[in-house]
Amino acid sequence: MAKEYYQTLGLEKGASKDEVKKAFRKLAGKYHPDKKTGDEAKFKEISEAYSVLGNEKKKAEYDTYGHSFNGSGQQGGPQGGAGGFNWSDFQQAGGQQGGGFEFDMNDIFGGFGGGQQRAARGRDISIDIELAFEDAVFGVTRKVLLTKTNKCSHCDGTGGKKGTEMKDCTTCNGQGKVREVRQSLMGQVQTVRECSVCMGRGKVPKEVCGHCAGAGVARAEEEIEINIPAGIENGEMIRMTGRGEAIPSGAAGDLYIKIHVKPHKTIKREGSTLHAKLHVKLSDALLGGTYKVTTLDGDVDIKIPAGITHGEKLRIKNKGVPASSSARGDFMVTISIDLPKKLSRKAKKLIEELKAEGI
């Protein structure tokens, strides 16, 4: 019975060469035995399918006859693997054997983990800072002392004693990377890693720095100045690029500062608008008056119009949160009319008179 190679790769019959390669790359990345999700049996199935559909001659035979006379295992009984799959086909780079199938390890597995190798980078650091309500509104500069791995201040990150000559690393021949060959299910696999001697720099000093022992980085305290912008909100994060952990070769990580804003006793915030409640006597609500309102800019006199109602809002312009370099939000005052719990005889008589007036 002919094997369903297109189905194995999740493709429709007649798929193009690029579609076949893309499907194999995706599945191989998932089922390769060296990966956590690896499945050797499944990997052999998709590899066998690709050995046929990835070769134009074999693919043409398979599309016409349902099998390939040159390696699918349906005719001629090729040797070397389960189900008639010849692993020697995969181990031939130039097509001298196995029907001329070419397998480019870098091409197929270059997509593992997203395609290109990410540049080396130091570890990120995260800290928390608590701010007073006023500091979050108007902005503030804070200094923090962190103990972390920094570029060595004695050798400026070179790893060498000041004035010493730098020479090519003999381990990696000045390349900064070391190539290693290991045996795997698919034959010899060549991998590349950072040179552990020169830390990827390709150069080593004739005399190493005595402070960092040639590493180019050292653990030390660093005072960092953080400019917190006006209007920052509770829970927001500030990112300072390159202020995290340093590494011998590559960029330093980032510093993330999470902001925690302490609540104000009388003022609340909604975006760029500040809110406060003002308690007003009943008589002033009826007749009007002047009250002092505490804002973040100090006390401000506000006129209470006669006949104001409970819950009504009054606006104080430009006393809110800075929304831009030239504009600020408003300060909204919500009126709360305080009703007396006890009345004197005189007050009660006056209110009865008002009641008689229909007030």
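As a reminder, the structure under discussion sits directly above these lines.
Rules and cut-offs
For every chain, the first residue of the written sequence is number 1, and numbering continues from 1 along that sequence. Since the coordinates come from a predicted model, pLDDT governs what is reported: local features require at least 70, and pairs of side-chain atoms require 80 or more to be given and counted, while whole-chain, interface and lining totals use all residues. Hydrogens and water are ignored here; the side-chain numbers use all heavy atoms of the structure. Only runs of H or I of at least four residues qualify as helices and only runs of E of at least two qualify as strands under DSSP, and these elements are numbered from the N terminus. The rule is simple: take the accessible area with a 1.4 Å probe, protein chains only, and divide by the maximum for that residue type; under 20% is buried, over 50% is exposed, in between is partly exposed. DSSP bridges decide pairing: two strands pair if at least two such bridges lie between them. A fitted line through C-alpha atoms serves as each axis, taken over the contacting stretch for helices, and the angle formed by two N-to-C directions is quoted from 0 to 180°. An angle below 35 degrees is treated as roughly parallel, one above 145 as roughly antiparallel, one from 65 to 115 as roughly perpendicular, and anything else as oblique. Contacts: residue pairs with any heavy atoms within 4.5 Å of one another. Think of a polar contact as two N or O atoms within 3.5 Å of one another; within protein, one of them needs to be a possible hydrogen donor and the other a possible acceptor, and neighboring residues in sequence only count if both atoms come from side chains. One speaks of a salt bridge when a side-chain nitrogen belonging to Lys or Arg is within 4 Å of a carboxyl oxygen belonging to Asp or Glu.

**Description of unusual backbone geometry**
- In this structure, N173 takes a positive phi of about 55 degrees despite not being glycine.
- By the secondary structure assignment, N173 is in the loop between β3 (166-168) and β4 (177-184).
- Positive phi values are uncommon outside glycine, yet N318 reaches one of about 60 degrees.
- Here N318 lies in the loop between β14 (313-316) and β15 (331-338).
- Overall, the relative accessible area of 48% leaves N318 in the partly exposed class.

**Digging into the sheet that holds strand β9 (residues 255-261)**
- One open sheet accounts for 3 strands, arranged β1-β9-β8; its pairing is mixed. The open sheet has two free edges, formed respectively by β1 (125-131) and β8 (237-240), since each of these has just one partner strand. Each strand of the sheet is rotated relative to its neighbour by a mean of 25 degrees, with strand direction disregarded.
- With 7 bridges connecting them, β1 and β9 associate as parallel partners. Paired with D128 across the bridge in β9 is K258.

**A few points about the packing of helix α3 (residues 40-53) against helix α4 (residues 56-65)**
- Orientation of α3 relative to α4, taken along the N-to-C sense of each, is 100 degrees, at an axis distance of 6 Å. With respect to each other, α3 and α4 are oriented roughly perpendicular. Every residue of α4 that contacts α3 at S51, V52 and L53 is listed here: K58, K59 and Y62.

**Side note on the side chain of E222**
- In this structure, E222 sits in strand β7 (residues 217-228).
- For E222, the side chain forms a polar contact with the side chain of R243, separated by 2.7 Å.
- When neighbours within four sequence positions are excluded, E222 is seen to be in contact with V144, L145, L146, K148, N150 and R243.

**Overview of the pattern of salt bridges**
- Per the counting criterion, the structure on display carries 15 salt bridges.
- The partner of E40 in a salt bridge is K44, with the nearest N and O atoms 3.9 Å apart. Here the residue E40 and the residue K44 both occupy positions in helix α3, the gap between them amounting to 4 residues, near one helical turn.
- For E40, a relative accessible area of 41% corresponds to the partly exposed category.
- E165 is the partner of K206 in a salt bridge, and the nearest nitrogen-oxygen pair spans 3.2 Å. Note that K206 is positioned in the loop between β6 (203-205) and β7 and E165 in the loop between β2 (140-151) and β3, a separation of 41 residues in sequence.

**Brief notes about the sheet that holds strand β11 (residues 273-281)**
- Taken in spatial order, the 4 strands of this open sheet run β10-β11-β15-β14, and their pairing is mixed. The outermost strands of the open sheet, each flanked by one partner alone, are β10 (267-270) and β14. The sheet shows a mean angle of 30 degrees between the axes of neighbouring strands, taken without regard to direction.

**A closer look at the environment of L339**
- When you line up the elements, L339 lands in the loop between β15 and α8 (345-356).
- Taking the relative accessible area as the measure of exposure, L339 reaches 60% and is therefore exposed.
- Sequence separation between L339 and V280 is 59 residues; the distance between their C-alpha atoms is 9.1 Å.

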